[in-house]
Structures are given as C-alpha cells and as structure tokens.
Amino acid sequence: MTGAAFPIVTQGLNHWFGVGEARKQAIFDVNLSIEAGKLTVLMGPSGSGKTTLLTLIGCLRDVQDGSVHLLGQELYGASEADLVLARRKLGFIFQAHNLHESLTALQNVRVGLEVHGASLSGKRSQFEAASAHLLGLLGLKDRIHYLPGNLSGGQKQRVAIARALVGNPRIIFADEPTAALDKESGTHVVRLLKQLGEQRGTTTVMVTHDNRILEMADRIITLEEGRIVDDIPVAS
Amino acid sequence: MTAILARLLGRLPIGWLQLLHNKTRLAAAVAGIAFANILVFVQLGVMFALNTTILLPYTLFDADIIISAADANTLTDGSNVPRQRSFEAMSVPGVASALPLFVGNVDWTRDDGNVTNLQVLALDPSQGAYVIPEIRNKIANLLLIDTALIDRMTRGADTDRLALISPDNPLTFETRGRTLTVPGTISIGGGFSSDGYMVTSDQTFLRLFSSRIAGAPNHILLKTEPGFNVDAVIEELRLLLPDDKVKVRTLAEAAKADQIYQTTERPTGLIFGFGVVMGVIVGLVIVYQLLSTDVADHLKEYATFKAMGYGQSFFMGIIFEEALILAIFGFVPGLIISSILYQLLNSATGLPVMMDMARPIAVFLGTIASCSISGAIATRRLASADPADLF
Ligand SMILES: Nc1ncnc2c1ncn2[C@@H]1O[C@H](COP(=O)(O)OP(=O)(O)OP(=O)(O)O)[C@@H](O)[C@H]1O
Ligand SMILES: [Mg+2]
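Residues numbered from 1 in each chain as written. Chains lettered and ligands numbered in written order. Predicted model: local features only at pLDDT ≥ 70, side-chain atom pairs only at ≥ 80, totals over all residues. Heavy atoms only, no water.

1. Examining the site of ligand 1
How we decide: What makes a residue near a molecule or strand is one non-hydrogen atom of that residue sitting within 4 Å of it. Under this definition, polar contacts are N or O atom pairs within 3.5 Å; protein pairs additionally need one hydrogen-donor-capable and one acceptor-capable atom, and for neighbouring residues in sequence, both atoms have to be side-chain atoms. Only the protein chains shown count as cover for residues, and all accessible areas are computed by the Shrake-Rupley method using a 1.4 Å probe. Segments assigned H or I by DSSP are reported as helices when at least four residues long, segments assigned E as strands when at least two residues long, and all are numbered from the N terminus. Classification used: nonpolar for Ala, Val, Leu, Ile, Met, Phe, Trp, Tyr, Cys and Pro, charged for Asp, Glu, Lys and Arg, polar for all others including Gly.
Every one of the 14 residues lining ligand 1 counts as a neighbour, but A:Ser46, A:Gly47, A:Lys50, A:Thr51 and A:Thr52 are closest to it. Mapping the residues adjacent to ligand 1 onto the chains of the assembly identifies chains A and B. Separating an oxygen atom of ligand 1 from a backbone N or O atom of A:Gly47 is a distance of 2.8 Å. Measuring from an oxygen atom of ligand 1, one finds a side-chain N or O atom of A:Lys50 at 2.8 Å. The fraction of the free accessible surface of ligand 1 (630 Å²) that becomes covered by protein chains is 63%. Elements with a contribution of two residues or more to the shell around ligand 1: strand S2 (24–34) and helix H1 (50–57) of chain A. No other element matches H1(A), which puts three residues into the shell around ligand 1. Among the residues forming the shell around ligand 1, the class breakdown is three nonpolar, seven polar and four charged.

In structure tokens:
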C-alpha cells in the first residue's frame, strides 16, 4: 500500500485515556486504510471514539500504541518538529469552530495561509485576496471584516471551514462540520469538499450523523465503543 | 498601527490584536505594569539617594589619603586616631602634609523652634587646600572662635533666610552651651544620618565638645607630594602603622567602603536594599500573573493554531509581541508618575531622589525581560500538550 493511494493507514491502533485506576481504553485495534481523493465518513454513537480516532490520525494526539502512516510518514514516535510539518499538510474543521475571537473572519482565514510562510507560491499580499475569495465562495462576502462574536453559529462554522481549506491541504479532517449549519448550507459545504476531492485529489475524513451527507459519502465507517463495527464502501 | 506591525512582523500582529480586543484587560495590564515600574523606580530612587548621601561628606575634601581607626566604618563611628599618627605618617617619603579631622554632631534649634541635627566637620582653617574651593573661599571666616559654616541644603531649613547669610548678615544660634555665629553657608544636603552639615575650626570644635582633645581627632587626612604614586605611599604607610589600630586608604576607597557598610550592614541600608528586592519581586509577580493569565485565556486559540501547524516559536513570537507592547505602554506612564513622585520625595525629605539616564533604561529592559520570560514560562504548557487536549 503506497502513501499516494492510501494517504492514511493505521495498524493495530490502540488508545487509552487517564492513568492508573482511571485508565480507560477508547480505541481498540483499529486497522484502516483510507483512499485518496475520497470522502470517508466516520459514524457511531456519542462516546464511541470518533473524535479520538480523528485526532490520532490527524497528528493532534500522540500515538500511544500501533501505527499511523500519514502521507507516507509514521506518526508513532514522530518528533514534535515532524508533527508540526505534517500538520501543515492537513486541514482541520473542529466540532467547535475554535475561531480566534480577536481576529476578523478574514484574519482568521489568513492565519491558515500564513502558516505556510514564504514557502507558499503566493505572496503575502495575495494572502488577503485568497482568503476573501474563499469566504465569498462560502457565502460570507459581506462578513469578512466581522469579528466571530458578531457572526452566527453557522457563519462561524463556515469561517472555520474556509480556514481549513485555504492552505490547500492534502487531507481534510472534519468533526461534525455541518452541525451548526442549516440543511442547505450544510449540503453546500459538503459538496464543496467533494468537489475539492475530485479537482485536487483532496482526501476528506468526516465525522457526521447527517443523513444528507451519508448520501454523498464514498465510504462509511461505523465505530462502537472504540472498535470498527461496520465498513461500507458506497458505490458512486 | 495594525498595518505597521503586520509589516514589521511579516505576519498578522496577533498579539497586538489580542490585546486590543479586550480593552479593559489591556488597561488593567498596562496599569499593572506601570505600577510595577513605579514600585521599582521609587525603591531604586530612595536606595540611590542613600548611596549618594553617604558619599557627600567625602566630596568636601581635597586629600589623597585618609587614616582612620581600624574599627571605624563611617566618618562618625569608631575610635579616635592619635594625632601622633600624623607625625609618623609625615616620615614616609611622598607624604606632603597631614591634617587632623574632627567629626561630631550638634543640634541646631532653629528660629521656628524645630531642631535639626547637623554633622560637624572640623579642621584647621588655615589648611584651605584640604577642602573643595567652595569651602576654601569661606574658610578664613572660621579663624574666629565660635563661628561655623552651615549647610543651606539642610533638611527643613528656611532656605530663604539661609540664602541671605553673609559675613555682614550672619546667623547666630546656640548649641551645646555656646553661641555660634554663621558668617556663610555651604551646599551639601542631608542624608539618612543627619539633616545637614556644619564646618567649623578645630578650635571651635574642641570648645563645643569639651570631652574631645586636640590630640585625638577622628581621622587624619594626608596629601602626597607630586610625582609619588599614592598606592605606593599607602603601602609604605601600612607597613609603618599598626594595622590593628588604624587603616590607611585613599579617600575614594574610604567613601566606597562606608557606602558598602551602610547599605549592607546598617538597618537603613538593608531596609532600602530589601525594598528594591521586594519591588522587583512584586513587579515580577504582577507581570507574570498578567502574562500567564493571558496565555491561559488564549490556550484554546493557540491550540487551534498548533493544530494548524504552527510551532512553538510562533507562540513565543506572539508572547514577545505582547510583552514588548505591554512593557512600552506600561513604562511610559510608569516613568512619568515616578518622576513626579521623585520630585515629591525630594521636596518632602530633602534627599537627592533623582532620575538618572541609566535607571529608566535598566527598568525598561528589566520589564521587557520579565514580561518575555513570564510569557515563555506560561507557554511551556502549550509546548508539551497535544493540541487535542487543549480544546
Ligand atoms: N481527554 C479525554 N480524557 C479522558 N477521556 C476521554 C477524553 N476524550 C475522550 N475521552 C473518552 O473517550 C471516549 C471516546 O470519546 P470521543 O470524544 O472520541 O467520542 P465521540 O465518538 O467523538 O463522541 P461525540 O459524538 O459525543 O463527539 C469517551 O468514552 C470519552 O469519555
Ligand atoms: Mg466527538
């Protein structure tokens, strides 16, 4: 299995929370290969370990046991410097929007670009234009200079989505990105993500309960109590 | 401002935007840092004033070497030195002349009934070469018995009245059962051990202090002959004179030793030194509290940045940016208020509480350093944590 066809491969992945008496296993022996350019959905009841799995394969948690191969790089035992570089290839949309309250919508998105510094082909002066353009695509054209405090929950979520997308990530991890959105904008966002996958080969891993999204998924993985209990490729 | 900072930093000035976002908190932080600065400035001001006033009496004399009793730490304490030592000293090649110096304290009951304490420095008025020109010009007036020059900077004194004093319009006052005539003034300024100074002839001194005798002054001042190395002469003197009885030092060394003694071994000095240490510690605590609260409050946002691929240096950059901005914003009002307080202290105590060039720079750099270090310590938690654990 090559890194190109399967940007994410896990083997014997286990994860525990807490120490001593309180130590509790949240992920049990997860073996998973996720295909490039596809929309993979993670489902399961609350507390089943979806967020934990997503953060493990998304470089946001140290891998304790087993292996995670992300874009050809082993995350088990990876150095902090390697993790920092790896994270720049990813886009994360969090369960909570996690916008910076002191920055405007535009500035929040720009932060997602600035992380690439001068290595990005675009010049710094173009950062603003690129950020504004993306916010426009997400229907926030006249809200770009608003602070998050003055935006609705759905608008904030769309800013967070723009922030994750603006750096052209290889993989997008999304944790219930449409929870705060109405039916229409939710579908719009997922369609946008799917489009990206087709045009640029972006891989998307998304946690969701949303039935409308399930219809668009290429593959649906179901977790229960930290184990994969169901894995359905959806023919498209 | 935001645009300027963005250009300077080559990135969004997130620290600045963060500070600006919560103006009440910014105002409180600036006030806190200004307060910390004022605290340190005032303590330093008082401490330096003490240091300065200790040196003042030494600056009145024009001598190369001072012989003091082995147990003397200041001009006023310790045993007396037998005048015979001056004759012994004269036998050393390179010693040009010697002058006994007498030191005591008198109360000056002023016209308004208030009492001030004057430190008396007494010497032979025919030896004008041993004092600085300002006193040399007036010392001839002291040839008459029961005359004295007093310090017009004396704490609490009526400066307008003292300014009028001249040989034709002298001041008289009674002390230790004698009536002294003051035909002139000098300018020194009081310190922590006395309110001011008085210079008299050795003869007047001996009349004021009947228990003192001409053969036992407090110190002996020496002048060396031109062409002789003062340190070499001191070496010779140390060989000649018993070191368990007397110590031989340059005037500057004696002044420095007095300063060290008074600031590190005497209660006043210790208290003010302690004040500076306390001021710095309280300042550090305030600054640390401010910066670490700020980091804690933005931890979620920083964790998000970390998840996006920002490294520790990025967060340090934000913290330094905040530290620098807060240090500058707090320093300016801190310096202004401290300067005003210095003037108030100066006029209230007569102590030379004054701002010099080095102090603001030191306090400013200290503020930046403590802000930065506090911020760096506060971001350590961020460095070790998984981003997912911080949301
Ligand atoms: N930081 C943590 N410390 C201790 N236990 C945790 C932590 N995070 C998650 N857990 C536990 O791990 C298990 C899986 O949690 P996780 O957040 O992955 O569930 P989830 O599937 O995302 O649920 P939800 O749909 O409610 O978001 C739960 O039992 C939870 O209590
Ligand atoms: Mg979850």
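2. Topic: the interface of chain B and chain A
Much of the literature gives interface size as the accessible area that the parts lose upon coming together. Our working definition: We call two residues contacting when some pair of their heavy atoms lies within 4.5 Å. Buried area is a sum: the accessible area each of two parts loses on coming together, probed at 1.4 Å, counted once for each and added. By definition, a salt bridge exists where a carboxyl oxygen of Asp or Glu is found within 4 Å of a side-chain nitrogen of Lys or Arg.
With 23 residues of chain B at the interface, the matching set in chain A holds 24 residues. In this assembly, chain B packs against chain A so that about 2300 Å² is buried in total across both faces, 60% of it on carbon and sulfur atoms. We note a salt bridge from A:Arg61 to B:Asp389, for which the minimum N-O separation is 2.7 Å. Seen at the junction of chain B and chain A, the total is 10 residue pairs in polar contact (both at pLDDT 80 or more). Sorting the residues of the side of chain B that touches chain A by element identifies helix H2 (14–21) and helix H11 (299–308) of chain B as the ones contributing at least two each. A breakdown of the residues in the side of chain B that touches chain A according to their chemical character gives 10 nonpolar, seven polar and six charged.

3. Thoughts on the pairing of strand S4 (residues 147–151) of chain B
Note on strand geometry: in a regular strand, side chains alternate between the two faces of the sheet. Residues and elements named next belong to chain B. Rules: Working definition: with a 1.4 Å probe on protein chains only, accessible area under 20% of the residue-type maximum means buried, over 50% means exposed, and in between means partly exposed. A pair of strands counts as paired when DSSP detects no fewer than two bridges linking them.
The buried count for S4 comes to five of five residues, which makes it a mostly enclosed element. Side chains of S4 alternate between two faces, with Thr-147, Leu-149 and Asp-151 and Ala-148 and Ile-150 buried alike. The pairing of S4 with strand S6 (residues 178–186) spans four bridges and is parallel. Residue pairing across strands places Thr-147 opposite Thr-181, the latter belonging to S6. Strand direction decides the pairing type here: S4 and strand S7 (residues 196–201), joined by three bridges, are antiparallel. Along S7, the bridge assignment pairs Leu-149 with Val-199.

4. Focus: the sheet that holds S2(A)
All names here are of chain A. The test is simple: Helix axes are fitted to C-alpha atoms over the stretch in contact, other axes to C-alpha atoms as well, and angles between N-to-C directions run from 0 to 180 degrees.
Taken together, four strands build an open sheet; the order of strands is S2-S1-S4-S5 and the sheet is antiparallel. Two strands close off the open sheet at either side, each with one partner strand: S2 and strand S5 (73–74). Sheet analysis places strand S4 (residues 65–70) next to S5, joined by two bridges and oriented antiparallel. By the bridge assignment for S5, His-69 is matched with Glu-74. Against the sheet, H1 contacts strand S1 (8–17), S2 and S4, and its axis sits at roughly 125° relative to S1.

5. Topic: unusual backbone geometry
All names here are of chain A. Despite not being glycine, Asp-29 has its phi angle at roughly 40°, a positive value. Looking at where Asp-29 falls in the secondary structure, it is placed in strand S2. Although it is not a glycine, Glu-225 sits at a positive phi angle of roughly 50°. If you trace the backbone, Glu-225 turns up in the loop between strand S9 (219–224) and strand S10 (227–233).

The values are spatial; any link to function lies outside them.
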